[in-house]
Amino acid sequence: NAGVTQTPKFQVLKTGQSMTLQCAQDMNHEYMSWYRQDPGMGLRLIHYSVGAGITDQGEVPNGYNVSRSTTEDFPLRLLSAAPSQTSVYFCASRPGLANEQFFGPGTRLTVL
Amino acid sequence: AQSVTQPDIHITVSEGASLELRCNYSYGATPYLFWYVQSPGQGLQLLLKYFSGDTLVQGIKGFEAEFKRSQSSFNLRKPSVHWSDAAEYFCAVVPTSGTYKYIFGTGTRLKVLA
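The rules behind each value
- Residues numbered from 1 in each chain as written.
- Chains lettered and ligands numbered in written order.
- Predicted model: local features only at pLDDT ≥ 70, side-chain atom pairs only at ≥ 80, totals over all residues.
- Heavy atoms only, no water.
- Helix = DSSP H or I, 4+ residues; strand = E, 2+ residues; numbered from the N terminus.
- Rg over C-alpha atoms; globule rule 2.2 N^0.38 Å.
- Contact = heavy atoms within 4.5 Å.
- Buried area = accessible area lost by both parts, 1.4 Å probe.
- Salt bridge = Lys/Arg side-chain N within 4 Å of Asp/Glu carboxyl O.
- Polar contact = N/O pair within 3.5 Å; in protein donor to acceptor, adjacent residues only side chain to side chain.
- Nonpolar A, V, L, I, M, F, W, Y, C, P; charged D, E, K, R; others polar.
- Buried < 20%, exposed > 50% of the residue type's maximum accessible area, 1.4 Å probe, protein only.

Participant: Help me understand the overall build of chain A, please; the structure alone is not making it clear to me.
Facilitator: Tallying secondary structure elements over chain A gives 0 helices and 11 strands in all. For chain A, the N- to C-terminal ordering of α and β elements is β-β-β-β-β-β-β-β-β-β-β. Since a compact globule built from 112 residues should have a radius of gyration of about 13 Å, the 13 Å found for chain A is in line with a globular shape. Each principal axis of the C-alpha atoms in chain A carries an extent, and together these give about 35 × 25 × 25 Å.

Here it is in C-alpha cells:
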C-alpha cells in the first residue's frame, strides 16, 4: 500500500493563479481531510469528506474548493491564490469517524 | 467551543532525561484522544490513542500517555529521551458526538541535547 500520496511536494504560484493539489489513498478509507499547517497554529481543517460525493467545510474553507468523485481521490483547488495561502498542506484519511488518521507527506506552497 | 491546549511551545531536554508534554482539552464529555509526532519535513504519525478503559496507554517508540478525567488532561511521557525523538508533537481530540472532527493542539517542538 502506498498509503496517502500528495502531489506536488513543492509549488510556487503567483497571486491570482489557480491550481489543484492532488491527494489519493489506497486504503479504501471513507473519511478524508485537508489541513493547512502554519507556524504556531497547529493544523487547521480546510475541508473534509465522509464519502464519495459528500464534502463539508472545515474551519478555514475560504479560497478553497474540494470534490470527492471517488473514494480514492480528494483534490483541493485553490481558486485564486493569495499570499495568505502560503502554507504546508496535508491530506489525511481514516477508516472511521474516530479512528487514527493517516497523513500524506505534505505539499509546501508559496504564493508570491 | 471544543479546544485543545498544549501550553509548551518549545521544550528542550537532555538525551536520557525524562519527558512530559502537556495536553489539556475542553469538551463536555470524554473525547477520543490522540498524540501524533511530526519529524521535520514529514507528515504526522500516530504515537498512541485513548478511547476508553485503562487510563494509561502505551504507544510506539517507548511513549505512554495518561488520561486524567478530573484534569481534562492527556499528557505524553517518555522515561528516557533519545536524540531521534526531536520532533514536533501534537495532541488531538475527536468529540464523541456531532461532527467527529479532529481538533489539534498547536504543537510542542522538542529539542534534544546530546
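This is not the end of the story, as more comes after the structure.
Participant: It is not clear to me how the interface of chain B and chain A should be interpreted in this structure. Could you clarify?
Facilitator: Reports of interface size often rely on the accessible area that becomes lost once the parts have come together. Residue-level contacts link 20 residues of chain B with 20 residues of chain A. In this assembly, chain B packs against chain A so that about 1,500 Å² is buried in total across both faces, 61% of it on carbon and sulfur atoms. Summed over the shared surface of chain B and chain A, the result is 0 salt bridges. Run the count over chain B and chain A and you get 5 residue pairs in polar contact (both at pLDDT 80 or more). For the side of chain B that touches chain A, the leading source of residues is strand E5 (residues 32-38) of chain B, giving 4 residues. Partitioning the side of chain B that touches chain A into residue classes produces 11 nonpolar, 7 polar and 2 charged.

Participant: Any chance you could explain the side chain of Ser73 of chain B here in plain terms?
Facilitator: All names here are of chain B. Along the chain, Ser73 turns up in strand E9 (residues 73-78). A residue is classified by how much of its surface remains accessible, and Ser73, at 3% relative accessible area, is buried. When residues no more than four places from it in sequence are discounted, the contact partners of Ser73 are Cys23, Asn24, Tyr25, Glu66, Phe67 and Lys68.

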